[in-house]
Every structure is written in C-alpha cells, then in structure tokens.
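For reference, the chains in residue letters:
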Amino acid sequence: MEILLLYFLVISIFVFILAGYDKYLARKNKRRIPENTLFFLEAFGGTIGLLLAMLLFRHKTSKTSFIVKFSGIFLIQIMLIYLILTDKI
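Just so you know, these numbers come straight off a predicted model, no measurement behind them.

What counts and what doesn't
Residues numbered from 1 in each chain as written. Predicted model: local features only at pLDDT ≥ 70, side-chain atom pairs only at ≥ 80, totals over all residues. Heavy atoms only, no water. Helix = DSSP H or I, 4+ residues; strand = E, 2+ residues; numbered from the N terminus. Buried < 20%, exposed > 50% of the residue type's maximum accessible area, 1.4 Å probe, protein only. Contact = heavy atoms within 4.5 Å. Phe/Tyr/Trp six-rings, centres within 6.5 Å; stacked < 30°, edge-to-face > 60°. Salt bridge = Lys/Arg side-chain N within 4 Å of Asp/Glu carboxyl O. Expected span 1.5 Å × (residues − 1). Bend = angle between axes of the 7 residues up to and from the residue.

S.K.: Where do I start with the overall build of the protein chain in this structure?
M.R.: Along the backbone of the protein chain there are three helices and zero strands. Secondary structure elements of the protein chain, listed N to C terminal, follow the sequence α-α-α. C-alpha extents for the protein chain along the principal axes are approximately 50 × 30 × 20 Å. Taking all 89 residues of the protein chain together, 31% fall into the buried category. Taking contacts inside the protein chain between residues at least 6 apart in sequence as the whole, the part at least 24 apart equals 61%.

S.K.: I would appreciate a short explanation of the side chain of Lys60 in the present structure.
M.R.: By the element assignment, Lys60 lies in the loop between helix H2 (35-57) and helix H3 (64-85). The exposure class of Lys60 is buried, given its relative accessible area of 14%. Dropping the residues within four chain positions of it, Lys60 is found in contact with Asp22, Arg32, Glu35, Phe66 and Ile67.

S.K.: Explain the packing of aromatic side chains here, please?
M.R.: Taken as a whole and assessed by the stated rule, the structure comprises six aromatic pairs. Considering the side-chain rings of Phe16 and Phe57, the 5.1 Å spacing of their centres and the 35° angle between planes classify their relative orientation as tilted. Residue Phe16 is located in helix H1 (residues 2-27), and its partner Phe57 is located in helix H2; the two are separated by 41 residues in the primary sequence. Here Phe16 falls in the partly exposed class, since its relative accessible area comes to 25%. Relative accessible area serves as the criterion here: at 26%, Phe57 is assigned to the partly exposed category.

S.K.: Any chance you could explain the pattern of salt bridges here in plain terms?
M.R.: Between side chains of opposite charge, a pair can form as their charged atoms come close. Enumeration over the complete set of coordinates arrives at three salt bridges. Between Arg32 and Asp22 there is a salt bridge, and its shortest N-O distance comes to 3.0 Å. Taken together, the residues span a long stretch of sequence, with Arg32 in the loop between H1 and H2 and Asp22 in helix H1 at a distance of 10 residues. Judged by relative accessible area, which is 0%, Asp22 ranks as buried. Its salt-bridge partner being Lys60, residue Glu35 comes within 3.1 Å of it at the nearest N-O pair. One end of the pair, Glu35, is in helix H2; the other, Lys60, is in the loop between H2 and H3, with 25 residues separating them in the sequence. Each of Glu35, Lys60 and Lys63 takes part in salt bridges that share partners, so that together they form one network.

S.K.: What exactly am I supposed to notice about H2 here?
M.R.: Spacing of three or four residues puts side chains on the same side of an α-helix, whose turn is 3.6 residues. In a regular helix each residue adds 1.5 Å, so 23 residues correspond to 33 Å; H2 covers only 16 Å between its end C-alpha atoms and thus falls short of that length. The sharpest bend along H2 reaches about 125° and sits at Gly46. Every buried residue of H2 is listed here: Glu35, Leu38, Phe39, Leu41, Glu42, Gly45, Gly46, Thr47, Gly49, Leu50, Ala53 and Met54. Those residues of H2 that are buried lie in contact with H1 and H3. Count one or two residues on from H2 and you reach Arg58, which has phi positive near 50°.

Set out below in structure tokens:
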C-alpha cells in the first residue's frame, strides 16, 4: 500500500511540474507538450498533480475540450476506485 501511495505522489509531482513547464512554454510561444501526454500521465495516476497545476497556474482552464477530457478520465478513475473498494472487480 505504501508503494502505491508513493507511486501516486511521484507521478502527481511529475505531472504538476510538467504542466507548469508547459505553461511556461506557452507564455514564451515555444513548442508545447502534447495534451495527450498530459492525459496519459493523468490516466496513470497524475490526476491530483494535473488538477493542482490547472488551478495554480491557470493552465488549460479556459479550454473546454481539455476540461471535458480531464473530467472524463477523472470520472472513470472514481468509478474504478468504487468498483475495487466494493469488490465488484
């Protein structure tokens, strides 16, 4: 269990830093990190980090398609956690 929590902590920190770096690149009009990369990392445990980066850096908060995809992945994760905790999987 501790290893799993450590994994989520590390991936969330990584996604947070990556999203912050992407915001920096956006301000400098440089080549950006693909959204699919951020979504992939979110799907594999970086939801908290990406959410915090979105709120703190105001990153991608005005882009509706990003919010919808982020929310979809988040809802799927909540459903999976529920199913695992209720022994339905």
